[in-house]
Amino acid sequence: VQLQASGGGLVQAGGSLRLSCAHSGRTFSDYVMGWFRQAPGKEREFVAWISRSGGTTDYADSVKGQFTISRDNAKNTVYLQMNSLKPEDTAVYYCAAKYSGYVIKTALGYDYWGQGTLVTVSS
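Overview of the structure. Being a predicted model, the structure only gives us computed values, none of them experimental.

## Focus: the overall build of the protein
In terms of helices and strands, the protein carries zero helices and eleven strands. When its helices and strands are written in sequence order, the protein yields β-β-β-β-β-β-β-β-β-β-β. A compact globule built from 123 residues should have a C-alpha radius of gyration of about 14 Å, and the protein, at 13 Å, falls within 12% of that. Its C-alpha atoms put the protein at 40 × 25 × 25 Å along the principal axes. Contacts spanning at least 24 positions in sequence make up 55% of the contacts within the protein whose residues lie at least 6 apart. Total accessible area computed for the protein in this model is approximately 6200 Å², and 47% of it derives from carbon and sulfur atoms. Looking at the protein, you have 12 positive and 9 negative side-chain charges, and the mean spots of the two groups are 4 Å apart.

Here it is in structure tokens:
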């Protein structure tokens, strides 16, 4: 499985970005997908996950109501819509794919990782 994240960039506080993550190599709909982020000097943290069908999603408390995860199984792509961005959202954002198991909100539960895309929010 290969994951290619894109869509990061520099945005002013209050702005929006949409991240994309293209999945290849295996059947996309077999995988739970997640987004994580890592700010400078901090550990990687969970942001959001979405079930195989897209019918179930969950978010870190810090981004609930602000970020939306979605997927298009026909396009083998997962998205993260980020609105009302704040300087504290600045981080490298990673997409991840999980084939099985019940650990969803920690990085150890995922089998494959994208290379990360940098989001910088200026104040």
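## A short note on the pairing of strand E1 (residues 2–6)
What you see with E1 is a clean split: Leu3 and Ala5 sit on the buried side and Gln2, Gln4 and Ser6 on the side with no burial. As paired strands, E1 and strand E3 (residues 17–24) are joined by five bridges and run antiparallel to one another. Its bridge partner being in E3, Ala5 is matched across the sheet by Cys21.

## Re the nonpolar core
One finds Met33, Trp35, Leu80, Met82 and Tyr93 to be the most contacted residues of the largest nonpolar core, which totals 36 residues. Among the secondary structure elements, those contributing two or more residues to this core are E1, E3, strand E4 (32–38), strand E5 (45–50), strand E7 (67–72), strand E8 (77–82), strand E9 (91–98) and strand E11 (117–122).

## Comments concerning unusual backbone geometry
Of all residues except glycine, most have a negative phi; of all peptide bonds, most are trans. Backbone geometry at Asn76 places phi at a positive 55°, although glycine is not the residue there. Looking at the element boundaries, Asn76 is found in the loop between E7 and E8. The exposure class of Asn76 is partly exposed, given its relative accessible area of 31%. Although it is not a glycine, Ser84 adopts a positive phi angle of roughly 50°.

## A short note on the packing of aromatic side chains
Ring pairs (aromatic) are described by centroid distance and by the angle formed between their planes. Inspection of every chain in the model, using the stated rule, returns eight aromatic pairs. Taken together, a centroid distance of 6.2 Å and an interplanar angle of 70° make the contact between Tyr31 and Tyr112 edge-to-face. You can see Tyr31 sitting in the loop between E3 and E4 and its partner Tyr112 sitting in strand E10 (residues 112–113), a full 81 residues away along the chain. Tyr112 gets classed as partly exposed once you look at its relative accessible area, which sits at 28%. Among the aromatic side chains, those forming a connected cluster through ring pairs are Phe36, Phe46, Tyr94, Tyr110 and Trp113. Lying across the ring of Phe28, Arg71 places its NZ or CZ 4.2 Å from the centre.

The rules behind the values
Residues numbered from 1 in each chain as written. Predicted model: local features only at pLDDT ≥ 70, side-chain atom pairs only at ≥ 80, totals over all residues. Heavy atoms only, no water. Helix = DSSP H or I, 4+ residues; strand = E, 2+ residues; numbered from the N terminus. Rg over C-alpha atoms; globule rule 2.2 N^0.38 Å. Contact = heavy atoms within 4.5 Å. Areas by Shrake-Rupley, 256 points an atom, 1.4 Å probe, with all protein chains shown as cover. Lys, Arg positive; Asp, Glu negative; His and termini not counted. Charge placed at Lys NZ, Arg CZ, Asp CG, Glu CD. Buried < 20%, exposed > 50% of the residue type's maximum accessible area, 1.4 Å probe, protein only. Pairing = 2+ DSSP bridges. Core = buried A, V, L, I, M, F, W, Y, C linked by side-chain atoms within 4.5 Å. Phe/Tyr/Trp six-rings, centres within 6.5 Å; stacked < 30°, edge-to-face > 60°. Lys NZ or Arg CZ within 6 Å of the ring centre and 35° of its normal.

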